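Residue-level listing of the chains:
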Amino acid sequence: MIDLQKNTRGEPLTPYNVTHPAMKKLNAFFLDNGLFTYTRWNNFTIAPPLCITEAQLREGFAIIDRGLKIIDEEVEG
């Protein structure tokens, strides 16, 4: 699980039980790039299979890295 924050003080991107519009964009980006996650409120969870290869892990992390640019646009400060 990766929790996302709205500023450098570490405040969550959204309050508990609220979804930020950027999270919808992030989830769509992940799906469009073949990464299946559980996205909720200010976090997303990934549960790769135990048989995943190193190359597949690297590909998944690269997709996450690119997708987090969507959230970077929302971060204050």
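Residues numbered from 1 in each chain as written. Predicted model: local features only at pLDDT ≥ 70, side-chain atom pairs only at ≥ 80, totals over all residues. Heavy atoms only, no water.

Asks: Which parts of the structure should I look at to understand the sheet that holds strand E3 (residues 43-45)?
Replies: Strands pair in a sheet through their backbones, by hydrogen bonds, and they do so in one of two ways: parallel or antiparallel. If you walk across this open sheet you meet the 3 strands as E1-E3-E2, and the pairing is antiparallel. Where the open sheet ends on each side, the last strands, each with one partner, are strand E1 (2-3) and strand E2 (38-40). Here E2 runs beside E3; their pairing, made up of 3 bridges, is antiparallel. Counted as the bridge partner of tyrosine 38 is threonine 45 from E3. (Pairing = 2+ DSSP bridges. Helix = DSSP H or I, 4+ residues; strand = E, 2+ residues; numbered from the N terminus.)

Asks: What should I look at first to understand the nonpolar core in this one?
Replies: Here is a general trend for soluble globular proteins: nonpolar side chains tend to be buried in one another's company. Residues Leu4, Leu13, Ala22, Met23, Leu26, Phe30, Leu35, Phe44, Ile63, Ile64, Ile70 and Ile71 constitute the largest nonpolar core, which totals 12 residues. Elements supplying a minimum of two residues to this core: helix H1 (21-32) and helix H2 (54-72). Beyond its immediate sequence surroundings of up to four residues, isoleucine 71 is in contact with Leu4, Leu13, Ala22, Met23 and Leu26. (Core = buried A, V, L, I, M, F, W, Y, C linked by side-chain atoms within 4.5 Å. Buried < 20%, exposed > 50% of the residue type's maximum accessible area, 1.4 Å probe, protein only. Contact = heavy atoms within 4.5 Å.)

Asks: Looking at this structure, how should I read the packing of aromatic side chains?
Replies: Counted under the stated rule, the structure contains 3 aromatic pairs. Aromatic ring contacts, followed pair by pair, group Phe29, Phe30 and Phe44 into a single cluster. Here arginine 40 stacks its cationic end above the ring of tryptophan 41, 3.7 Å away from the centre of that ring. (Phe/Tyr/Trp six-rings, centres within 6.5 Å; stacked < 30°, edge-to-face > 60°. Lys NZ or Arg CZ within 6 Å of the ring centre and 35° of its normal.)

Asks: Just to check I follow, could you spell out unusual backbone geometry for this structure?
Replies: For residues other than glycine, phi is negative in most cases, and the peptide bonds are mostly trans. Positive phi is not limited to glycine here, since asparagine 17 has a value of about 70 degrees. Within the secondary structure layout, asparagine 17 lies in the loop between E1 and H1. The class of asparagine 17 is exposed, set by a relative accessible area of 54%. A positive phi is found at tryptophan 41, a non-glycine position, where the angle reads about 50 degrees. Judged by relative accessible area, tryptophan 41 falls into the buried class, the value being 15%.

Asks: Would you take a moment to explain the packing of H1 against H2 for this structure?
Replies: For any two helices packed against each other, the geometry is given by the interaxial angle and the distance between the axes. Put simply, H1 and H2 touch, their axes get as near as 9 Å, and they point 155 degrees apart. Comparing their axes, H2 and H1 come out roughly antiparallel. Considering how the two elements wind past one another, H1 and H2 form a crossing that is right-handed. The segment H1 lies against H2, with Ala22, Met23, Lys25, Leu26, Phe29 and Phe30 engaging Ile63, Ile64, Arg66, Gly67, Leu68, Ile70 and Ile71. (Axes fitted to C-alpha atoms, helices over the stretch in contact; angles between N-to-C directions. Parallel < 35°, antiparallel > 145°, perpendicular 65-115°, else oblique. Left-handed = near helix turned anticlockwise from the far one by under 90°.)

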